[in-house]
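Given next are the chains, with one letter for each unit.
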Amino acid sequence: MATTRRPLIAGNWKMNLDHLQSIAFVQKLAWALKDKKFNEQEVEVAVFPPFTDLRSVQTLINADDLPLQLGAQDVSMHDEGAHTGDVSGVFLKALDCQYVIVGHSERRADHHEDDEVCTSKVQAALRNNLVPILCVGETAEDLEQYGASKVPVDQLTAVLSSVKKGAEMVIAYEPVWAIGSGQAATPDQAEEVCATLRDTIRSLHGDEAAQSTRILYGGSVKSGNIAGFLKRENIDGALVGGASLDVDEFVAIARFPHHVSVD
Ligand code: 13P
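Treat the numbers as computed from the prediction; the structure is a model and nothing was measured. (Residues numbered from 1 in each chain as written. Predicted model: local features only at pLDDT ≥ 70, side-chain atom pairs only at ≥ 80, totals over all residues. Heavy atoms only, no water.)

## Observations regarding the overall build of the chain
- If you tally the helices and strands in the chain, you get 11 helices and eight strands.
- Rg of the C-alpha trace for the chain: 17 Å, near the compact-globule value of 18 Å for 263 residues, within the 12% margin.
- The contacts in the chain between residues at least 6 apart in sequence include a share of 75% that link residues at least 24 apart.
- Carbon and sulfur atoms form 50% of the exposed surface of the chain, whose accessible area is close to 12,000 Å². (Helix = DSSP H or I, 4+ residues; strand = E, 2+ residues; numbered from the N terminus. Rg over C-alpha atoms; globule rule 2.2 N^0.38 Å. Contact = heavy atoms within 4.5 Å. Areas by Shrake-Rupley, 256 points an atom, 1.4 Å probe, with all protein chains shown as cover.)

## Some details on the side chain of Arg108
- Mapped onto the elements of the fold, Arg108 is located in helix H4 (residues 105-110).
- Take Arg108: its relative accessible area is 14%, and that puts it in the buried class.
- At 2.8 Å, the side chain of Arg108 forms a polar contact with the backbone oxygen of Cys135.
- Ignoring sequence-local partners within four residues, the contact set of Arg108 consists of Gly103, Glu113, Asp115, Cys118, Leu134, Cys135, Val136 and Gln155. (Buried < 20%, exposed > 50% of the residue type's maximum accessible area, 1.4 Å probe, protein only. Polar contact = N/O pair within 3.5 Å; in protein donor to acceptor, adjacent residues only side chain to side chain.)

## Section: the environment of Ile179
- Counting through the fold element by element, Ile179 comes out in the loop between strand S6 (170-173) and helix H8 (187-205).
- With 151 residues separating them in the primary sequence, Ile179 and Lys28 have C-alpha atoms 25 Å apart.
- Once residues lying within four places of it in the same chain are set aside, the contact partners of Ile179 are Lys14, His104, Ser105, Glu106, Glu174 and Gly219.

## A look at the nonpolar core
- In terms of nonpolar packing, the biggest core is built from 66 residues, with Ile9, Leu134, Ile171, Leu197 and Tyr217 touching the most fellow members.
- Of the residues forming this core, the biggest block, six residues, is contributed by helix H1 (residues 19-35).
- Counting residues in hydrophobic clusters, the runner-up holds 13 residues, among them Tyr99, Val170, Leu216 and Leu239. (Core = buried A, V, L, I, M, F, W, Y, C linked by side-chain atoms within 4.5 Å.)

## Considerations on the site of the ligand
- Taken together, Asn12, Lys14, His104, Glu174, Ala178, Ile179, Gly180, Gly219, Ser220, Leu239, Gly241 and Gly242 make up the full set of residues near the ligand.
- Taking Gly242, its main chain carries an N or O atom lying 2.8 Å from an oxygen atom of the ligand.
- Relative to its free-state accessible area of 310 Å², the ligand is covered by the protein chains to the extent of 94%. (Near = heavy atom within 4 Å.)

## Notes on the sheet that holds strand S8 (residues 237-240)
- Around the barrel, which closes on itself, the eight strands sit in the order S1-S2-S3-S4-S5-S6-S7-S8 with parallel pairing between neighbours. Going across the sheet, the axis of each strand differs from the next one's by a mean of 25°, ignoring polarity.
- The sheet contact formed by strand S1 (residues 8-12) and S8 spans four bridges and is parallel. Bridged to Leu8 within S8 is Gly237. (Pairing = 2+ DSSP bridges. Axes fitted to C-alpha atoms, helices over the stretch in contact; angles between N-to-C directions.)

In short, shape yes, function no, at least from these values alone.
So, in structure tokens, the structure goes:
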């Protein structure tokens with residue numbers, strides 16, 4: 001892994017934990033990180049609670065200066081107005097969110113979010129000084145039909161072609177077949193696609209963007225497999241679902257530099 005990119009471990013809670021549960025969870029997480037002597041200079045950790053929890057979690061982070069970044073799981077493509085149910089990037093920024101996830105496969109599937117919608121949401125995030133974490137990944141059928149890289153590269157290309165160069169973004173490679181299945185990609189499989197994604201960034205946004213953009217792997221990441229991914233040159237962190245809801249597991253993942261490698 002290139003030393004210039006600080007690894008990011010991002011916990012996507014999905015639709016779990018209400019605002020009261022989120023308070024108890026973050027208190028436990030903060031305590032466990034401190035107990036395990038977590039070093040935020042080494043690794044950046046971010047949590048992505050449901051919208052209804054954001055204010056509670058923000059208050060805890062700010063009050064105790066916790067070593068956690070805050071992000072949202074989605075953002076509206078609009079900043080204000082008659083868009084019932086949407087959540088504006090302006091509001092997320094006001095809650096000290098730093099990141100927003102865009103184009104998670106569950107939103108692409110459940111809400112028919114296509115590349116055009118994802119592009120508008122990435123633009124909305126950037127306009128509001130939020131760092132978008134753009135998720136890309138192939139389904140099991142795509143994998144069989146086209147191989148691993150084609151769909152993620154096409155999804156990335158569609159968005160990057162319409163986004164200004166020089167804006168900070170994070171890319172998350174999440175093969176859909178690996179999400180929630182317990183069957184993670186192998187580090188070799190993930191590295192191959194992440195390297196191709198980095199080449200795509202290079203050809204569309206230049207060498208500097210390719211060097212500085214963090215590319216995460218997501219899909220059944222656990223404390224037992226994280227070290228194998230993070231040893232690879234083009235994998236700069238993880239987007240963690242289920243294991244981010246277990247304090248001990250999530251802290252063990254965040255402390256991956258201290259793990260004995262389990263390739
Ligand atoms: P799991 O870690 O539960 O497979 O979920 C991955 C994911 O979708 C993170 O965004």
